[in-house]
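# Architecture and fold: a report
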Amino acid sequence: QVQLVESGGSLVQPGGSLRLSCAASGVIFSRYRTGWYRQAPGKRRELVATITSGGSTNYADSVKGRFTISRDNNKNTVYLQMNSLRPEDTAVYYCNARRETMGVLVNDYWGQGTQVTVSS
């Protein structure tokens with residue numbers, strides 16, 4: 001059974017930092033494209049950052065230069081370091097792991113989400 005468990009969400013003041021973690025069981029992160037998505041109230045879920053099995057990273061324009069995604073293969077954990085947080089970063093953040101074969105999505109796993117609130 002695959003489980004992705006996020007942690008690290010909290011209330012933080014604007015300009016502050018947080019590090020989110022996503023620990024996996026039943027799936028080996030290094031074999032998947034893993035990523036962080038977020039969903040604010042009344043808005044669609046959006047991509048924040050991804051990291052491929054080979055270690056290439058991709059970021060939404062809104063977080064470039066402020067957020068960093070990384071992966072620890074020994075711990076089978078993916079991280080999202082968030083700096084210079086803004087109120088518009090407030091959302092539930094979800095961890096995702098997916099794998100495609102010949103362009104076809106064959107595995108798509110999600111965590112339960114962790115709340116990040118940026119407010120003074």
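Let me begin by describing the structure that accompanies this report.

Definitions and cut-offs
- Residues numbered from 1 in each chain as written.
- Predicted model: local features only at pLDDT ≥ 70, side-chain atom pairs only at ≥ 80, totals over all residues.
- Heavy atoms only, no water.
- Helix = DSSP H or I, 4+ residues; strand = E, 2+ residues; numbered from the N terminus.
- Contact = heavy atoms within 4.5 Å.
- Salt bridge = Lys/Arg side-chain N within 4 Å of Asp/Glu carboxyl O.
- Buried < 20%, exposed > 50% of the residue type's maximum accessible area, 1.4 Å probe, protein only.
- Core = buried A, V, L, I, M, F, W, Y, C linked by side-chain atoms within 4.5 Å.

### Side note on the environment of threonine 117
For threonine 117, the location among the structural elements is in strand E11 (residues 114–118). With 107 residues separating them along the chain, threonine 117 and serine 10 place their C-alpha atoms 6.2 Å apart. When sequence neighbours within four positions are dropped, the list of residues in contact with threonine 117 reads Ser10, Leu11, Val12 and Thr90.

### So, the pattern of salt bridges
In total, this model carries five salt bridges according to the counting rule given. Residue aspartate 108 is joined to arginine 98 by a salt bridge in which the shortest nitrogen-to-oxygen separation is 3.4 Å. Of this pair, aspartate 108 sits in strand E10 (residues 104–110) while arginine 98 sits in strand E9 (residues 91–101), and the two are ten residues apart along the sequence. Accessibility expressed as a relative area gives 19% for arginine 98, which makes it buried. Salt bridges sharing partners connect three or more residues here, namely Arg38, Glu46, Arg66 and Asp89.

### Considerations on the nonpolar core
The biggest cluster of nonpolar side chains holds 29 residues, and the ones touching the most others in it are Phe29, Trp36, Leu80, Met82 and Tyr93. Of all the elements in the fold, those that place two or more residues in this core are strand E3 (18–25), strand E5 (46–51), strand E7 (67–72), strand E8 (77–82), E9 and E11.

Keep in mind these values describe shape, not function.
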